[in-house]
Amino acid sequence: MDAEGAKAFLQSAQDRLEKVAEEVSHASWLASTYINVDSQFTEALAVERYTGLAVELAQEAAKFDDVQLDPETRRMLTMLKQGLVFPAPNDPKLTAELAQIGSKMQGMYGAGKYCPDESAGEDSATGEDKGKCYTLTEMGQMMANSRDPELLKDLWVGWRKVSPPMKPLYERQVEIGNAGAKELGYDNLSVMWRSKYDMPADEFAADMDNQWGKVKPLYEALHCHVRAKLNEHYGDEVAPASGKIPAHLLGNMWAQQWGNVYEIVKDDDMEAPYDLTKLVVDSGMSEKDMVKAGETFFTSLGFKPLPETFWERSQFVQPRDRDVVCHASAWNLDGQDDIRIKMCINKTGEDLVTIHHELGHNFYQRIYNQQPFLYKEGANDGFHEAVGDTIALSITPKYLKQIGLLDEIPGEEKDIGYLMQQALDKIAFLPFGLLVDKWRWQVFNGEVAPGDYNKAWWKLREEYQGIEAPVQRSEANFDPGAKYHIPGNTPYSRYFLAHIQQYQFHRALCEAAGETGPLHRCSIFKNDAAGKKLRNMLAMGASKPWPDAMEALTGQRELDASAIVDYFQPLMAYLQEQNKDRQCGW
Ligand code: X8Z
Ligand code: ZN
């Protein structure tokens, strides 16, 4: 039990974990791209082994708690204790049960469909192809494009039939996970989840709230304007001029990004500079070409091209013959170069941006792959989510002209339209990004009992987003389960962080590139200085506390919402003018 012992222990622990992690990756890839009982069984077995090992090692790591150690060794031991998202207690039966629940819920979500035919007697929607079952990808497309409120409502309600069966599983999972967190020395999973940010758990929660306070005026202004425009379009019956916005009208299944209702929100004279979906479709690009375009951006910044295996093993399109988890994700299966993305790409601007998001994960994973196992992570999980989004902020008209998708760079009079489009996705997302884990923290720490799961969910949705369910909900519903990251057990605060960070990163990289114009017109495409700065930071992986990585890129050691506020300043001025005679808030 000395410093030497700790180092030797860490070495062997990492070797063992790395090996089992590789087994989990392959089994999980199978379970996500061929959903059936066999792949789920195999995945659960691998996860069970990994969880068992990680818990055993975490408990061993705790034995060094009182030993004098250098900061580096201490950091690694702490990370070893925090490695699992859902720890099991040290009990083989519970470890197996937890793994099975995880695979099962993930499979239920991935295979989930809505079959309007089966809901005979209910308020049936217009224009639906009866007898057909819709996948989430198809429903997502319809939510994005349809303006028929009855159809939208039907899809909204229909998709949410996937989740009530998850509720008992979720409840049990929380019970086991909490017991696991306790054994590792945390009060509950809530504390454990909030302890991964190089600061005390409560400080982290307070910082999230603090950041939210800074961007909230922007959100409220956007909400006010969008509500008024929806009211103009749909009328008082469907979209009231005051109060909360009905959640099915915002162009997205979860009302988390609103870019798809741009046409409703824009002013008559506010032409968008272009329609990215139309540019993609008219260019005749294939799904693979879209990924190639993303790769080109990264290589223009000095990143190594993607390996051949990426192109052979990734899933770009939804297979016709089986159920898969379509929710986009990026993988590194061997801790080295076996990187892949898994998507069901639609030829839309939205998916072109998501491709950049996913590739951000892959290029990050690849550039830190020489780090020790425990450091093959983002500086924090928000960094991981922010990389590709940062790059996508450089998908500006100037860039689109550079790659031949656009003929002319539009004049400044189109900037407000461009910013509006961006804000509908990025600003609208902020409260959602905040509340998903607020809900989970309350569930984990027992503040919200299973009998109040859905009520608590809607309380947060109403309070933070100012939206409401289009139909009455009850505890017979389990609406959180209809969002991927709940059954998928992916923490969500990371996306809130990323939405703040990506503007900080963008501002710093544009500065490094010597761009002096407005931030929303800056693109770092092909810029060596920006590329070098980004690559250097990413190569650190998780080897240093995140403020060090932040400083390496931006010169700042804190999260700073002033970058996002600056970026949208011209739009904020426009919104304030639009809203001046309106009663905002909900
Ligand atoms: O889940 C994702 C990525 C995969 S890491 C596609 N995102 C969140 C979501 O879809 O809910 C990106 C934005 C937020
Ligand atoms: Zn991501």
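Located above this text is the structure these notes cover.
Read on for a plain summary of the structure. In this text, all values refer to a predicted model and were calculated from it rather than measured experimentally.

Details of the coordination of the zinc ion (ligand 2)
Move 1: Of the protein atoms, only His-357 (NE2), His-361 (NE2) and Glu-385 (OE) coordinate the zinc ion (ligand 2), at distances of 2.0 to 2.1 Å.
Move 2: Note that the zinc ion (ligand 2) binds 4 donor atoms; their angles at the metal cover 89 to 128 degrees, and the shape is tetrahedral.
Move 3: Summarised as a motif, the one-chain spacing of the donors to the zinc ion (ligand 2) is H-x3-H-x23-E. In this pair, His-357 and His-361 are both assigned in helix H14 (residues 349-367), 4 residues apart and thus about one turn of the helix distant. The two residues His-357 and His-361 agree in class, both being buried.

Here we look at the state of the cysteines
Move 1: Following the criterion strictly, the structure yields 4 disulfides and no others.
Move 2: A disulfide bridge connects Cys-115 with Cys-133, and the sulfur atoms are separated by 2.1 Å. What sets the handedness of the Cys-115 and Cys-133 disulfide is the S-S torsion sign, and at about 110 degrees it is right-handed. Placement of the pair is Cys-115 in the loop between strand S1 (113-114) and strand S2 (134-135) and Cys-133 in the loop between S1 and S2, with a sequence separation of 18 residues.
Move 3: Between the sulfur of Cys-224 and that of Cys-584 lies a disulfide, 2.0 Å long from S to S. Its S-S torsion of about -80 degrees marks the bond between Cys-224 and Cys-584 as left-handed, since a negative value means left-handed. Residue Cys-224 is located in helix H9 (residues 201-234), and its partner Cys-584 is located in the segment after helix H23 (569-578); the two are separated by 360 residues in the primary sequence.
Move 4: Residue classification places Cys-584 among the partly exposed positions, given a relative accessible area of 35%.

Looking at the packing of aromatic side chains
Move 1: Overall, the coordinates contain 40 aromatic pairs when judged by the stated rule.
Move 2: Seen from their ring centres, Phe-86 and Phe-444 are 5.9 Å apart, and the 80 degrees between their planes marks the pair as edge-to-face. Note that Phe-86 is positioned in the loop between helix H3 (71-81) and helix H4 (92-111) and Phe-444 in helix H17 (residues 415-444), a separation of 358 residues in sequence. Accessibility assignment for this pair places Phe-86 and Phe-444 in one class, buried.
Move 3: With 4.8 Å between their ring centres and 65 degrees between their planes, Tyr-567 and Phe-568 make a pair best called edge-to-face.
Move 4: Its relative accessible area of 1% is what places Tyr-567 among the buried residues.
Move 5: Given a relative accessible area of 0%, Phe-568 falls into the buried group.
Move 6: Members of the aromatic cluster, connected to one another through ring pairs, are Tyr-170, Trp-439, Tyr-453, Trp-457 and Phe-478.
Move 7: Between Arg-160 and the ring centre of Trp-156, over which it is positioned, the NZ or CZ distance is 3.9 Å.
Move 8: Over the ring of Tyr-34 we find Arg-322, and its NZ or CZ is 3.8 Å from the ring centre.

Cut-offs and rules
- Residue numbers here run from 1 along each chain, matching the order of that chain's written sequence.
- All chains are assigned letters beginning with A, and all ligands numbers beginning with 1, in the order in which they are written.
- Only residues with pLDDT of at least 70 get local features here, since the model is predicted, and only at 80 or more are side-chain atom pairs given and counted; chain-wide, interface and lining totals rely on the full set of residues.
- Excluded from the side-chain calculation are hydrogens and water; included are all heavy atoms of the structure.
- The rule for donors is simple: an N, O or S atom within 2.8 Å of the metal counts, and for Na, K and Ca the reach is 3.2 Å. Water is not among the atoms, so a site may look short of donors.
- Here the metal geometry follows the donor angles, with tetrahedral for four donors whose angles all fall between 85 and 135 degrees, square planar for four and octahedral for six when opposite donors are more than 155 degrees apart and every other angle is between 65 and 115, and irregular for all the rest.
- Only runs of H or I of at least four residues qualify as helices and only runs of E of at least two qualify as strands under DSSP, and these elements are numbered from the N terminus.
- Buried, partly exposed and exposed residues are distinguished by accessible area as a fraction of the type maximum, computed with a 1.4 Å probe on protein chains only: under 20%, between the cut-offs, and over 50%, respectively.
- When two cysteine sulfur atoms lie within 2.5 Å, the pair is treated as a disulfide.
- Two rings from Phe, Tyr or Trp (for Trp, the six-membered ring) form a pair when their centres sit within 6.5 Å of each other. Planes less than 30 degrees apart are called stacked, planes more than 60 degrees apart edge-to-face, and all others tilted.
- Two conditions define a charge located above a ring, namely a distance within 6 Å from the ring centre to NZ of Lys or CZ of Arg, and an angle within 35 degrees of the ring normal.

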